[in-house]
Amino acid sequence: MDELINKPGVYGCVFADHQGLCLGVKGKASTESAGIIGAIAEQAAKLEPKSKMPIIYLENDNRSCAIHRTGTVTGAIFKNVHS
Amino acid sequence: MVDEVKKSLQDLLGKVNGLYSILITDRDGVPLLKVGTDKAPEQAMRPNFISTFGLAIDQGSKLGLGKTNTLICSYSQFQVVQMNKLPLIVTFITNDTCNTGHVLALEKQLNPIVSDLALAVAES
């Protein structure tokens, strides 16, 4: 997480376990979002059950959030978007 | 008012996978509002079960970690998540695989509902 938070543009990251409970958080991210990102990853995976776990990318004009589940751990990375 | 609150709770129920029931009770476990499916176990909705939360938070406060906010009981087939909103208790009953973090995140959406209800209870 220390490594991740030092990458350019990254301002926060959060990790959740299979129950949506927060494993760790760094930067400007909330522990409460752990449950939500777990739920988003779970719902997105249902769209293509036969494919491997998707990467969900949410973006607005100035920020973005990438969510990915590997095994039982779901991670979300929050980044500033530089246009 | 009750119908509106019930509708909001019903909406919340649909948002979380595996969430069977939401109960808002007083400190003795007497239900004020109850929404849910028939999958929820009857035993977990009894006042004598819900009211043990009061005893548990009293013990929890002895840990020296401050006021107990949430209590999560994880059983082999169900999870029971209870929130301290005294004079009210909010109880969520879910299946064993339900996203506990998502249930905890519902707290923010529940706060306005519960504070309105707490006022109504205090007045009566």
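Residues numbered from 1 in each chain as written. Chains lettered and ligands numbered in written order. Predicted model: local features only at pLDDT ≥ 70, side-chain atom pairs only at ≥ 80, totals over all residues. Heavy atoms only, no water.

- Comment text from UniProt for chain B, heading Sequence similarities (unreviewed entry), reads "Belongs to the LAMTOR3 family." (UniProt positions renumbered as here; feature names shortened; annotations may be inferred.)

- Per an unreviewed UniProt entry, chain A goes by Late endosomal/lysosomal adaptor and MAPK and MTOR activator 5 and derives from Molorchus minor.
- Regarding chain A, the UniProt comment filed under Sequence similarities (unreviewed entry) reads as follows: "Belongs to the LAMTOR5 family."

### A look at the overall build of chain A
- Scanning chain A from terminus to terminus reveals two helices and five strands.
- Reading the secondary structure of chain A in the N-to-C direction produces α-β-β-α-β-β-β.
- Against the compact-globule benchmark of 12 Å for 83 residues, chain A has a radius of gyration of 12 Å, which places it among compact chains.
- Looking at chain A as a whole, 36% of its 83 residues qualify as buried.
- If you sum the accessible surface of chain A, you get close to 5200 Å²; carbon and sulfur atoms cover 56% of it.
- Within chain A, the 8 negative side-chain charges are centred at a point lying 3 Å from the centre of the 9 positive side-chain charges. (Helix = DSSP H or I, 4+ residues; strand = E, 2+ residues; numbered from the N terminus. Rg over C-alpha atoms; globule rule 2.2 N^0.38 Å. Buried < 20%, exposed > 50% of the residue type's maximum accessible area, 1.4 Å probe, protein only. Areas by Shrake-Rupley, 256 points an atom, 1.4 Å probe, with all protein chains shown as cover. Lys, Arg positive; Asp, Glu negative; His and termini not counted. Charge placed at Lys NZ, Arg CZ, Asp CG, Glu CD.)

### A short note on the sheet that holds strand β1 (residues 19-26) of chain B
All names here are of chain B.
- The strand order β2-β1-β5-β4-β3 describes an open sheet built from five strands, whose pairing is antiparallel. The open sheet is flanked by β2 (31-36) and β3 (70-74), the only strands paired with a single partner. Strand-to-strand twist in this sheet, taken as the mean axis angle between neighbours without regard to direction, amounts to 10 degrees.
- Pairing between β1 and strand β5 (residues 88-95): seven bridges, direction antiparallel. The residue bridging Ile 22 from the neighbouring strand is Phe 92, located in β5.
- Of the strands in this sheet, β3, β4 (78-85) and β5 touch helix α3 (residues 52-61), which is tilted by about 70 degrees from β4. (Pairing = 2+ DSSP bridges. Axes fitted to C-alpha atoms, helices over the stretch in contact; angles between N-to-C directions. Contact = heavy atoms within 4.5 Å.)

### A few points about the nonpolar core
- Within the largest apolar cluster, 23 residues are counted, with the highest numbers of intra-cluster contacts made by Leu 9, Ile 22, Ile 24, Val 90, Phe 92 and Leu 110 of chain B.
- For this core, the elements supplying multiple residues, two or more each, are α1 (2-15), β1, β2, β4, β5 and α5 (107-123) of chain B.
- Tallying contributions element by element places α5 of chain B first for this core, with five residues.
- Residues contacting Phe 92 of chain B, with those up to four places away along its chain left out, are Leu 19, Ser 21, Ile 22, Gln 79, Val 80, Val 81, Met 83, Val 103, Leu 106 and Leu 110 of chain B.
- Ranked by size, the runner-up nonpolar core spans 13 residues in total, among them Ala 16, Ala 29, Ala 34 and Ala 76 of chain A. (Core = buried A, V, L, I, M, F, W, Y, C linked by side-chain atoms within 4.5 Å.)

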